[in-house]
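Next come the chains, spelled out residue by residue.
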Number of protein chains: 2
Amino acid sequence: MTRLTIRIDFDSNRHVGHGKIRLLELIGEHGSISQAAREMKMSYRRAWLLADEVNRMFSEPVLETQHGGAGGGHARLTTFGHALVGHYRAIETQALKSFKKQIVELERRLRPAAPI
Amino acid sequence: MTRLTIRIDFDSNRHVGHGKIRLLELIGEHGSISQAAREMKMSYRRAWLLADEVNRMFSEPVLETQHGGAGGGHARLTTFGHALVGHYRAIETQALKSFKKQIVELERRLRPAAPI
């Protein structure tokens, strides 16, 4: 099944794409950066840096974190964070629909998979 | 100026995105893989591997190469190669137009650049 992903470069050092959005979604889902990092098979440090990068990109944060006690910290998306993820996914879905014809055209031209 | 780029994943190991398409464009422009590689600041080997990957992806090649004499080899896009680049760029342009509103909305939320 063909997937279309998009990346938005606001300027030379600020962009959002599939990776950051997926990370935000997983943080929202699990309430935890470390759990989201595990699921994306990246280090906690890398996940934290990516989340921090998005957090500093806009005029309001996308994430709120709480340093916890015994159970570790907790993280959740802000209202704006949810809106950012929603916007991005809406653009992606719409793009896949809008470009269905061109994509099917390219799919038809794919080389058939080699027999195993 | 915000840019939107797309990536199409046909399956888990076949995709086209900004990098490969830009490489094809530059090869078409210069008639040379090594010149295109230089302009993209990548090794000749990496450019060749990427071009070869796209060349094997579809039922017909996107590139034709000729091993040259003293002047080195020559490469050019096939008709299908031109069509692939054209399709991709058309989708990109259309996407940027279609999602202008959502993108402007995100741009408004960007944190103002820090004074230098």
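A brief look at the structure comes next. Everything quoted here is computed from the prediction, not taken from an experiment. (Residues numbered from 1 in each chain as written. Chains lettered and ligands numbered in written order. Predicted model: local features only at pLDDT ≥ 70, side-chain atom pairs only at ≥ 80, totals over all residues. Heavy atoms only, no water.)

1. Concerning the side chain of Thr5(A)
In plain terms, the rule: Here a helix means four or more residues in a row that DSSP labels H or I, a strand means two or more in a row labelled E, and each is numbered from the N terminus. Relative accessible area decides the class of each residue, using a 1.4 Å probe on protein chains only: under 20% of the type maximum gives buried, over 50% gives exposed, and in between gives partly exposed. Contacts are assigned to residue pairs that have any heavy atoms within 4.5 Å of one another.
Residue placement: Thr5(A) occurs in strand β1 (residues 3–11). Looking at Thr5(A), the relative accessible area reads 9%, which means it is buried. The contact partners of Thr5(A), leaving out residues within four places of it in the chain, are His18(A), Tyr88(A), Glu92(A), Thr5(B), Ile6(B), Arg7(B) and Asp9(B).

2. Describing the interface of chain A and chain B
To be explicit about the condition: Buried area, as used here, totals the accessible surface that two parts lose on assembly, with accessibility defined by a 1.4 Å probe and the loss added over both. For this document, the term salt bridge refers to a Lys or Arg side-chain nitrogen within 4 Å of an Asp or Glu carboxyl oxygen. In the scheme used here, Gly and all other residues not listed as nonpolar or charged are polar, with Ala, Val, Leu, Ile, Met, Phe, Trp, Tyr, Cys and Pro taken as nonpolar and Asp, Glu, Lys and Arg as charged. Only strands that DSSP links by at least two bridges are regarded as paired with each other.
Every contact between the two is made by 31 residues of chain A and, on the other side, 31 residues of chain B. Among the residues chain A hides against chain B, the three largest losses belong to Leu106(A), Arg109(A) and Arg111(A). Together they make up 21% of the total. Counting every contact that joins chain A to chain B gives 2 salt bridges. Breaking the side of chain A that touches chain B down by element, the ones donating at least two residues are β1, α3 (44–57), α4 (79–98) and α5 (100–109) of chain A. The class makeup of the residues in the side of chain A that touches chain B is 14 nonpolar, 7 polar and 10 charged. Here 7 bridges tie β1(A) to strand β1 (residues 3–11) of chain B, and the two strands are oriented antiparallel to one another. Across the sheet, the residue bridging to Asp9(A) is Arg3(B), located in β1(B).

No statement about biological role is implied by the geometric values presented.
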